[in-house]
Structure formats: C-alpha cells, structure tokens
Amino acid sequence: MIVGYDITANFTNYWLFKENSLFNAYVNISPDLAPEMETRVPTRLASFDKQIFYELIVETEKK
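Let us look at the structure shown here. What you are looking at is a predicted structure, and each value in this text was computed from that prediction instead of being measured. (Residues numbered from 1 in each chain as written. Predicted model: local features only at pLDDT ≥ 70, side-chain atom pairs only at ≥ 80, totals over all residues. Heavy atoms only, no water.)

Digging into the overall build of the protein chain
Check the secondary structure of the protein chain and you find two helices and three strands. Computed over the C-alpha atoms, the radius of gyration of the protein chain is 12 Å, within 12% of the 11 Å expected from 2.2 N^0.38 for a compact globule of 63 residues. Oriented by its inertia axes, the alpha-carbon framework of the protein chain measures out at about 40 × 25 × 15 Å. Counting across all 63 residues of the protein chain, residues that qualify as buried make up 29%. Residue pairs at least 24 apart in sequence account for 61% of intrachain contacts in the protein chain once pairs closer than 6 positions are excluded. (Helix = DSSP H or I, 4+ residues; strand = E, 2+ residues; numbered from the N terminus. Rg over C-alpha atoms; globule rule 2.2 N^0.38 Å. Buried < 20%, exposed > 50% of the residue type's maximum accessible area, 1.4 Å probe, protein only. Contact = heavy atoms within 4.5 Å.)

Structure below.
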C-alpha cells in the first residue's frame with residue numbers, strides 16, 4: 001500500500017503506470033494532480049487484470 005497527500009498523492013499515481021508496480025493499494029488524500037491525470041488514472045485502473053484498491057479522498061473547505 002502507498003499513501004500520499006497533496007503533491008505526494010499525485011506522485012503515487014505514477015506507480016500505477018509502472019509495468020510491475022510494487023503496490024496493489026493506493027490512497028490519495030487531496031491530490032494536486034498533474035495535467036490530464038484525471039483521465040489517465042481511471043483509464044489505467046480499468047486496464048488491470050488484477051484487483052487494485054484505489055481510494056481518493058478529497059478535502060473541502062469549511063464554509
């Protein structure tokens with residue numbers, strides 16, 4: 001499992017695109033996403049033959 005927050009949450013997404021990633025579980029908390037990552041991550045997750053756990057947690061400002 002790998003867990004990231006803000007900019008490191010975006011960094012964890014790059015492990016998804018490795019041929020043989022070390023991780024099968026990802027937790028991204030309030031990620032600061034790189035360009036086009038919003039479409040690339042779902043496409044990559046759909047391409048896996050094995051089960052991957054992916055949790056995206058988004059913080060919101062108190063109003």
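Comments concerning the nonpolar core
Membership of the largest hydrophobic core is limited to eight residues, which are Ile 2, Leu 16, Phe 23, Tyr 26, Ala 34, Met 37, Val 41 and Ile 52. Those residues in contact with Phe 23, other than ones at most four positions away along the chain, are Met 1, Ile 2 and Trp 15. (Core = buried A, V, L, I, M, F, W, Y, C linked by side-chain atoms within 4.5 Å.)

Focus on the sheet that holds strand β3 (residues 53-57)
In spatial order, the strands read β1-β2-β3; together these three strands make up an open sheet with parallel pairing. Edge positions in the open sheet fall to β1 (2-5) and β3, since each of these has one partner strand only. Ignoring which end each strand starts from, the neighbouring axes of this sheet average 10° apart. Note: strand β2 (residues 25-29) against β3, five bridges, orientation parallel. Note that in β3 the partner of Ala 25 across the bridge is Phe 53. (Pairing = 2+ DSSP bridges. Axes fitted to C-alpha atoms, helices over the stretch in contact; angles between N-to-C directions.)

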